[in-house]
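What follows is the residue order along each chain.
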Amino acid sequence: MRLARVIVVVVLAALASVYVVAGAPIALAVFGVQVLYLLKLRRWWLLAAQAVLVYTASVAGGVSTGILGFLAGSLLLTPAHRDTARVLAPLVVASAALIDAARGGATADATITVVLVSLVVFGLTRLVERAGEMHAARLSLAAAAVAAERLRLAAELNDGLGRSLEVIVEGGRRALAEPDRAGEVLASVTATARAALADARAASADYRATSLAPELVTARAMLDAAGIAVEVRGGHTEPLGPGGALLANVLREAVTDVVRRGTARLCVIETSEQGDEQGDEQAATETSEQRDTPGNTVRLRVIDDGHRTAESPDFDGLRLEEAGGTLVAGLSPTGHFVVEATLPRGHSPAVLPGETGTAGAGAPEPPAGRRRRRPLPTLTHDASYAVSVAVLAAVLVGFSVKALLLLPGALVIPAAACLAVIVVMQLRSVNGRHMVALGVMAVLTYAPIPVFGPVWLGTAGFLAGPVLLAFPWPAAWPMTAAIVGSVAAAGMLFGLPAPVLANSTLSTLVTGLVVYALLRLAQIVKELQAARESLARAAIVEERLRAARDLHDLLGHSLAAILLTCELARRLKCPRERIEEIVAMAEGARADLRSVSGEQRELSLADEVESARTVLSAAGIRVTVEPAELNLPAEVETVLGTVLREAVTNVLRHSEARHCAITMRAGEGGLLLRVSNDGVSSAGAHPGRTRPGSSGIGNLTTRLAALDGRLTSHVDGDRFTLEARVPHRAPVPA
């Protein structure tokens, strides 16, 4: 924002300098008042002072009436009595025409000059203000997007999982009230719990699918646990769309293969986009906004130094080709094994709160059994960008009309055609550097001079602006100086009087600065729009990842425990106690569901330990607990409670455990939570083994990283151990 203000101050100073060179030092005072207006010091007395200055210079000092444009622009910027100011601004323009007519000057030219100066003053100042407002509002927009996404998630989850939990609670209560029908009711409740657990896992995978970030975290954790050095070089822009899930599967399989082999010392994971592979010339011509725009294709590469043959991991079930992608794997000339996957990026338009649109309206329902992926929102372009381009077009047209008024009638049409092409090329410059457009403007600037005469020298300012925009300043300023110098040289060849020559030369520089400022500010507005949209979309992606973690770690655990207890209760002759547990767990799952929907929920580590003991015991697993009673911060208890939930779920799902030990110890390094169980099968006895769709390690690693903690795991024979360490400054016994 500081750069934008500096640009405007320089342009205002250049405009004022024209009148100073013409012999009106009072223009310096006018410039000072205009800077105060730029800084939003807008009082009626300041406006009155500016009116006195410009009319004194124009009426008493004989200065060009164009200086009245400063006053007209300030009136348009006045917030108080806006309607009155807008009426007065045209009156200022009319007074300029009257003053010039009284002097016997060119009234039309004077009127256009006042309008142009007022447009430049108003347009540049408003663009700076709007850019500042957009920059300041970016966080509030992201917060609004997250709030709207939470409402969507809450509605979606309550409509599905919320109803399932209600059915489970009502079924449990009915089984308690009607013991004779308990078996029949429990069968229905068990089916509902099984379906709800499948829905929760599908929803968690669905929310994760737009981002590779969770899988990158999981991959790093797996490689670290296996003692393999890892480098992650992220070069993609999220969200990825539907292709994110496929790339996540490729990454999971590739990293699992690296860990399984156990011979690699280094693994490099790279992501990039189509835009990253463009030629140097094209990349150099992009604006920063264009560089931040996601490419059409996302590429994932996994490189390791542990393969001795070209044998590839099994990717048969991934079917990237059906999604329009490619997947290749093999040894590189340097001896490294490379897995490379490319996929087209998916786009799904929608709207943010407060916008209008038809995203989702009348959309076809997904096939039965498939969950519709909710698209990420796409912001509509802000009106400020359209205003900036409109002001630029008006100024360009105004300068062109001034030139046409000075030409003979026979030359007006060809000159207008040339100027129209120049204006179009100028407007194209808003969207980056276009060397062809610059070449066309250069030809149309110099080639018609012998035909149109010295009047055409003013068009050199149109060329100077895009040159300043297109090249780095060390190259741009010498080129601009050469353009200004060429105007001075041509004017001398035409034999222009010294005052006219000085005015033409200075006007070329001023016009170039004005055009540059309007072009650059239009770009800044566009870049801010892109940045604002990117921030809002990133916030939504993060919110979905949070929901996915909570679905998997909190609600998934609760539903798995409910399902286990339901199946156990169906085997008992007197299941009343288990049915009461089912009802209590379903009520707790409702609280978990509210947490997934964005409501903050704190877990008690002691309660989670007791819940783990109950669930594991119900499954016939002997449990030993070594607790350490500490006064822990709420966020630490919540994260460790979540780790314990996930560990217990994994014991139940992925082992044939007979014994599980839960240990908590406090030391100088912080708090250690260890969960160890036997019954690990030989097929899964490697710490790098994962399941398709597994997200637990990545979720827990992300949660612990927020507390500067760490998650590790290892296998010793048939025993699997998961350890979570959370540092804290002063563990205090309770």
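Right above here is the structure, for reference.
The shown structure was predicted, so the numbers you read here are calculated from the model rather than taken from an experiment. (Residues numbered from 1 in each chain as written. Predicted model: local features only at pLDDT ≥ 70, side-chain atom pairs only at ≥ 80, totals over all residues. Heavy atoms only, no water.)

Caption draft 1: Expanded view of the overall build of the chain. Each helix and strand counted, the chain has 23 helices and 10 strands in total. A buried classification covers 50% of the 734 residues belonging to the chain. Of the contacts formed within the chain by residues at least 6 apart in sequence, a portion of 76% connects residues at least 24 apart. Of the roughly 33100 Å² of accessible surface on the chain, 59% is carried by carbon and sulfur atoms. (Helix = DSSP H or I, 4+ residues; strand = E, 2+ residues; numbered from the N terminus. Buried < 20%, exposed > 50% of the residue type's maximum accessible area, 1.4 Å probe, protein only. Contact = heavy atoms within 4.5 Å. Areas by Shrake-Rupley, 256 points an atom, 1.4 Å probe, with all protein chains shown as cover.)

Caption draft 2: Just the environment of L247, in detail. Counting through the fold element by element, L247 comes out in helix 10 (residues 243-261). Along the sequence, L247 and L327 sit 80 residues apart, while their C-alpha atoms lie 10.0 Å from each other. Each residue touching L247, except ones within four places of it in the same chain, is listed here: L212, L240, V298, L300, A341 and L343.

Caption draft 3: Fine view of the environment of P450. Note on placement: P450 falls in helix 16 (residues 449-452). Taking relative accessible area as the criterion, P450 reaches 70% and is therefore assigned exposed. Through-space distance from the C-alpha of P450 to that of F494 is 10.0 Å; in sequence the pair is 44 residues apart.

Caption draft 4: Structural context of the packing of aromatic side chains. Scanning the entire structure with this criterion turns up 3 aromatic pairs. Relative to F462, the ring of F399 has its centre 6.2 Å away and its plane inclined at 70°; by these criteria the two rings are edge-to-face. Taken together, the residues F399 in helix 13 (residues 383-405) and F462 in helix 17 (residues 460-470) connect sequence positions 63 residues apart. Note on F399: relative accessible area 22%, which makes it partly exposed. When the ring of F452 is compared with that of W456, the centres are 4.7 Å apart and the planes differ by 45°; the resulting orientation is tilted. The exposure classification of F452 matches that of W456, with both residues buried. (Phe/Tyr/Trp six-rings, centres within 6.5 Å; stacked < 30°, edge-to-face > 60°.)

Caption draft 5: Focus on helix 17. Among the 11 residues of helix 17, 11 are classified as buried, and the element is accordingly described as predominantly covered. Every buried residue of helix 17 is accounted for by A460, G461, F462, L463, A464, G465, P466, V467, L468, L469 and A470.

Caption draft 6: Structural view of the nonpolar core. Among the nonpolar cores identified, the biggest contains 93 residues, and Y19, I67, F70, L124, W456, V514 and L521 are the most heavily contacted of them. In terms of residues, this core owes the most to one element, helix 19 (residues 498-571), which gives 13 residues. For L124, the residues in contact, after removing those within four places along its chain, are V8, V11, L119, A517, L518 and L521. With 34 residues, the next largest nonpolar core counts L165, L186, A196 and L563 among its residues. (Core = buried A, V, L, I, M, F, W, Y, C linked by side-chain atoms within 4.5 Å.)

Caption draft 7: Local environment of the sheet that holds strand 9 (residues 710-716). Strand order in the open sheet formed by 5 strands is 6-7-8-10-9, with mixed pairing between adjacent strands. Edge strands, defined here as strands with exactly one partner in the open sheet, are strand 6 (622-626) and strand 9. Each strand of the sheet is rotated relative to its neighbour by a mean of 10°, with strand direction disregarded. In this sheet, strand 10 (residues 719-726) lies alongside strand 8 (residues 670-677) in antiparallel orientation, the contact comprising 7 bridges. Residue pairing across strands places R674 opposite E723, the latter belonging to strand 10. In this fold helix 22 (residues 634-654) packs onto strand 7 (659-667), strand 8, strand 9 and strand 10, with an angle of close to 10° to the strand it touches most, strand 8. (Pairing = 2+ DSSP bridges. Axes fitted to C-alpha atoms, helices over the stretch in contact; angles between N-to-C directions.)

Caption draft 8: Spatial organisation of empty space enclosed by the protein. Using the criterion set out here, one finds 2 cavities of 30 Å³ or more in the structure. The computed volume of the second largest cavity comes to approximately 30 Å³. Considering the residues around the second largest cavity, the lining is formed by A254, D257, V258, V302, D304, H307, P313, F337 and V339. For the lining of the second largest cavity, the elements supplying multiple residues, two or more each, are helix 10, strand 3 (297-304) and strand 5 (337-344). Sort the elements by how many residues they give to the lining of the second largest cavity and helix 10 lands first, with 3 residues. For the lining of the second largest cavity, the residue count by class is 6 nonpolar, 1 polar and 2 charged. (1 Å grid on protein atoms, 1.4 Å probe; cavity = no way out; pocket = protein on both sides within 12 Å on 5 of 7 lines; lining within 4 Å. Points joined across faces, edges and corners; volume = space filled by probe spheres on them. Nonpolar A, V, L, I, M, F, W, Y, C, P; charged D, E, K, R; others polar.)

Caption draft 9: Fine view of the sheet that holds strand 1 (residues 229-233). Spatially, 1-2-3-5-4 is the arrangement adopted by the 5 strands of the open sheet, whose pairing is mixed. In this open sheet, the two edge strands, each paired with only one partner strand, are strand 1 and strand 4 (326-331). Taking the axes of each pair of neighbouring strands and ignoring which way they run, one obtains an average angle of 10° across the sheet. Relative to strand 3, strand 2 (residues 266-273) runs antiparallel, the two being bridged by 7 bridges. The residue of strand 3 that forms the bridge with V268 is I303.

Caption draft 10: Molecular detail of the pattern of salt bridges. Counting across every chain of the model gives 23 salt bridges. A salt bridge links E270 to R301; the nearest nitrogen and oxygen atoms lie 3.5 Å apart. Here the residue E270 occupies a position in strand 2, and R301 occupies one in strand 3, the gap between them amounting to 31 residues. A relative accessible area of 16% places E270 in the buried class. R613 serves as the salt-bridge partner of E610, at 3.5 Å between the closest nitrogen and oxygen. Of this pair, E610 and R613 both sit in helix 21 (residues 605-618), 3 residues apart, which is roughly one turn of the helix. A relative accessible area of 42% places E610 in the partly exposed class. When its relative accessible area of 31% is taken as the criterion, R613 is described as partly exposed. (Salt bridge = Lys/Arg side-chain N within 4 Å of Asp/Glu carboxyl O.)

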